[in-house]
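# Observations on the model geometry
Each chain, written out:
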Amino acid sequence: MALALVVVFAWASPAAYASHTGHDGWAAVSTGSRKTLDSGSYYLKGDLNSDLVIKGQVELCLNGHTLSGSGKGSVITVSEGAQLSLHDCGKGGCVTGGKATEGGGIYVAKGAALSLESGAICGNEANRGGGIFAAEGASVTVSGWELRDNCAKSGGGIYLRCE
């Protein structure tokens, strides 16, 4: 059996990942309790209390703001086959407030990909993967992110499912 889960951890200054110089042509995400983001580039216009579902290829900039979940599931769900590049071009952006069985902060489905490039995942809870849960066959790359104050029975920061 081949292992289909790819995880890469690297450290770099968060400023190194602020690859864009502005949000011209990006869509602002501002209000609502549960949003679906289809392929495109998005940024937080302010602190947001919402759960997000990612479909397609999505780039999301926290823009120095907090994305607080509803506490009724994962804050961000990266759907099967979807790709999310998540970063923070400001300072202090955080994904927080998730409470789920798997992936309090971020749930990465089978065949999905997640790339974290600066920011923080903090204050989430789950049975498995307080900060991040990656299903079998998911791809996760973490560079310059903080995983802190997440709690779970297994994998407080990150849980990688390999079967």
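Predicted model, so just to flag it, every value in this text is computed and none were measured.

### Regarding the state of the cysteines
As enumerated under the stated definition, the model contains 1 disulfide in all. With no disulfide of its own, Cys61 lies 3.1 Å from the sulfur of Cys89, the closest cysteine sulfur.

### Side note on the pairing of strand β6 (residues 51-54)
The two faces of the sheet receive side chains in turn, since in a regular strand these alternate between them. On β6, burial covers both faces: Asp51 and Val53 on one face and Leu52 and Ile54 on the other are all buried. As judged from the 3 bridges shared by β6 and strand β9 (residues 76-78), these two strands associate in the parallel manner. Within the sheet, the bridge partner assigned to Val53 lies in β9 and is Thr77.

### Remarks on the pattern of salt bridges
Tallying each qualifying case throughout the model produces 3 salt bridges. As a salt-bridge pair, Arg128 and Glu102 come within 2.7 Å of each other at their nearest N and O atoms. With Arg128 in strand β15 (residues 125-128) and Glu102 in strand β12 (residues 99-102), this pair connects stretches of sequence that are 26 residues apart. For Arg128, a relative accessible area of 26% corresponds to the partly exposed category.

Rules used throughout
- Residues numbered from 1 in each chain as written.
- Predicted model: local features only at pLDDT ≥ 70, side-chain atom pairs only at ≥ 80, totals over all residues.
- Heavy atoms only, no water.
- Disulfide = S-S within 2.5 Å.
- Buried < 20%, exposed > 50% of the residue type's maximum accessible area, 1.4 Å probe, protein only.
- Helix = DSSP H or I, 4+ residues; strand = E, 2+ residues; numbered from the N terminus.
- Pairing = 2+ DSSP bridges.
- Salt bridge = Lys/Arg side-chain N within 4 Å of Asp/Glu carboxyl O.

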